[in-house]
Amino acid sequence: MAKVGIIMGSNSDLPVMQDAIDILSELGIQTEIDIVSAHRTPEKMFDYGKNAHQRGLRVIIAGAGGAAHLPGMIASLSPLPVIGVPVKSRNSIDGWDSVLSILQMPGGVPVATVALDGAKNAGILAAQIIGSSDAEVLDRIIAYKESLKAKVIEASKNL
């Protein structure tokens, strides 16, 4: 079974990253969750990035605030797709530092970047990546999107 790695720079990022954990659980996709700091545990980050694919991970979601180097560094080390979640941390410049640190990657080192604190969308995107080659996951994504449509229709009827 395909797994998604969900990493974050510190425990303070967990409330944001929980949205990715929750949606992937809802979609029936296993996760591996860890704290991996690009600045405080670079050796751990290096090992994680180089070996993630060997543990059965198919996608990595990396959340970070402030300077937010974790997603880009993981993308430089891993052959897996990396989705970056900029986190608005207490030391952040309205989150823009995180957004730009993750978004502005050099050619050859892509990081798919979602909105500030957009971990739910990161989880959905990871599921869609897996669903592109796994029919069961694809069916669950289709059902999930249909449920979104049904909620809008229901809300419209209740106006």
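Scroll up for the structure.
Residues numbered from 1 in each chain as written. Predicted model: local features only at pLDDT ≥ 70, side-chain atom pairs only at ≥ 80, totals over all residues. Heavy atoms only, no water.

Novice: Please explain the overall build of the protein as it appears in this structure.
Specialist: When helices and strands are tallied, the protein shows six helices and five strands. Listing every helix and strand of the protein by position from the N terminus yields β-α-β-α-β-α-β-α-β-α-α. In terms of overall dimensions, the protein has a C-alpha envelope of 50 × 35 × 30 Å along the principal axes. Each of the 159 residues in the protein was classed as buried or not, and the buried ones make up 45%. For the protein, the share of sequence-separated contacts (at least 6 apart) that also reach a separation of at least 24 residues comes to 68%. For the protein, the accessible area works out to roughly 8300 Å², and carbon and sulfur atoms hold 56% of it. (Helix = DSSP H or I, 4+ residues; strand = E, 2+ residues; numbered from the N terminus. Buried < 20%, exposed > 50% of the residue type's maximum accessible area, 1.4 Å probe, protein only. Contact = heavy atoms within 4.5 Å. Areas by Shrake-Rupley, 256 points an atom, 1.4 Å probe, with all protein chains shown as cover.)

Novice: Teacher, can you tell me more about the nonpolar core here?
Specialist: Of all hydrophobic cores here, the largest spans 27 residues; its most connected members are V4, I6, L24, I29, I61 and V85. Of all the elements in the fold, those that place two or more residues in this core are β1 (3–8), α1 (14–26), β3 (57–65), β4 (82–87), α5 (119–131) and α6 (135–157). Sequence-distant contacts of I6, that is, excluding residues within four places in its chain, are made with M17, A20, I21, L24, T31, E32, I33, D34, Y48 and I61. With 20 residues, the next largest nonpolar core counts A62, I74, A75 and V111 among its residues. (Core = buried A, V, L, I, M, F, W, Y, C linked by side-chain atoms within 4.5 Å.)

Novice: When you look at unusual backbone geometry in this model, what are you seeing that I'm missing?
Specialist: Among all residues save glycine, negative phi is the norm, and among peptide bonds the norm is trans. The phi angle at A68 is positive, at roughly 50 degrees, despite the residue not being glycine. For A68, the location among the structural elements is in the loop between β3 and α3 (70–77). Residue class for A68 comes out buried when judged on its relative accessible area of 2%. The phi angle at D117 is positive, at roughly 60 degrees, despite the residue not being glycine. For D117, the location among the structural elements is in the loop between β5 (112–113) and α5.

Novice: What exactly am I supposed to notice about the side chain of S10 here?
Specialist: Its place among the elements puts S10 in the loop between β1 and α1. Those residues within four positions of S10 in sequence are excluded, and the remaining contacts are I35 and R40.

Novice: Hey, could you run me through α6 in this one?
Specialist: Because an α-helix packs 3.6 residues into every turn, residues spaced three or four apart end up facing the same way. The end-to-end C-alpha distance of α6 is 33 Å, a good match for the 33 Å that 23 residues give at a rise of 1.5 Å each. Buried within α6 are the following residues: V137, I141 and Y144. Residues of α6 that are buried make contact with α1 and α5. A distance of 3.0 Å separates the backbone nitrogen of E136 from a side-chain oxygen at the start of α6, and that oxygen is part of D134. (Expected span 1.5 Å × (residues − 1). Polar contact = N/O pair within 3.5 Å; in protein donor to acceptor, adjacent residues only side chain to side chain.)

Novice: How do you make sense of a negative patch on the surface when you look at a structure like this?
Specialist: On the surface, a cluster of negative charge is made up of D19, D22, E26 and D117. Mapped onto the fold, D19 is located in helix α1. Here D19 falls in the partly exposed class, since its relative accessible area comes to 36%. (Patch = residues over 30% accessible without salt bridge, like charges linked within 9 Å, V, L, I, M, F, W, Y side chains within 5 Å. Salt bridge = Lys/Arg side-chain N within 4 Å of Asp/Glu carboxyl O. Lys, Arg positive; Asp, Glu negative; His and termini not counted. Charge placed at Lys NZ, Arg CZ, Asp CG, Glu CD.)

Novice: Help me understand the pattern of salt bridges in this model?
Specialist: Two side chains carrying opposite charge are able to pair once their charged atoms lie near each other. Scanning all chains against the criterion turns up two salt bridges. A salt bridge links D34 to K44, with the shortest nitrogen-to-oxygen separation between them at 3.1 Å. Of the two residues, D34 is situated in strand β2 (residues 30–35) and K44 in helix α2 (residues 42–51); the sequence distance between them amounts to ten residues.

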